[in-house]
Amino acid sequence: MLNAYATIVSLVAFAQDRLKNDEKGATAVEYGLMVGLIAVVIIAAVTLLGDNLKAMFEGIAGDLTPKP
C-alpha cells in the first residue's frame, strides 16, 4: 500500500511541475502514454470481470426469451 501511495505522490508532483513550467498542450508521447494506460486498464477490467459479465448477460438473455 505504501508503494501505491508513493507512486501517486510522485505522479502528482510530476503534474504540478509540468503546470509550473507553463507548457502549452500535451506532446505525442504524453498522449501515447495515456492511451497505453487506458488500454492496460481496459484489458485488466475485461480479464478480471469477463466471466462474471458473461454469466450476467447470459442470465439476462435467458430471462428475455419468451416462455412457451
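The sections below set out a description of the structure shown in this document. The structure presented is a predicted model; accordingly, all values stated were derived computationally and were not measured.

Let's talk about the overall build of the chain
The number of helices and strands found in the chain is two helices and zero strands. A buried classification covers 0% of the 68 residues belonging to the chain. Accessible surface for the chain amounts to roughly 6300 Å². Of this, 73% is attributable to carbon and sulfur atoms.

Points about a nonpolar patch on the surface
Taken together, the side chains of L48, L49, L53, M56, F57, I60 and L64 present a nonpolar region at the surface, about 730 Å² in accessible area. Mapped onto the secondary structure, M56 falls in helix α2 (residues 28-64).

Thoughts on α2
Taking 1.5 Å of rise per residue, 37 residues should cover 54 Å, yet α2 covers just 46 Å from first to last C-alpha, more than 12% shy of that figure. Of all bends in α2, the biggest is about 60°, found at L49. Within α2, only zero of the 37 residues are buried, leaving the element largely exposed.

Definitions and cut-offs
- Residues numbered from 1 in each chain as written.
- Predicted model: local features only at pLDDT ≥ 70, side-chain atom pairs only at ≥ 80, totals over all residues.
- Heavy atoms only, no water.
- Helix = DSSP H or I, 4+ residues; strand = E, 2+ residues; numbered from the N terminus.
- Buried < 20%, exposed > 50% of the residue type's maximum accessible area, 1.4 Å probe, protein only.
- Areas by Shrake-Rupley, 256 points an atom, 1.4 Å probe, with all protein chains shown as cover.
- Patch = residues over 30% accessible without salt bridge, like charges linked within 9 Å, V, L, I, M, F, W, Y side chains within 5 Å.
- Salt bridge = Lys/Arg side-chain N within 4 Å of Asp/Glu carboxyl O.
- Expected span 1.5 Å × (residues − 1).
- Bend = angle between axes of the 7 residues up to and from the residue.

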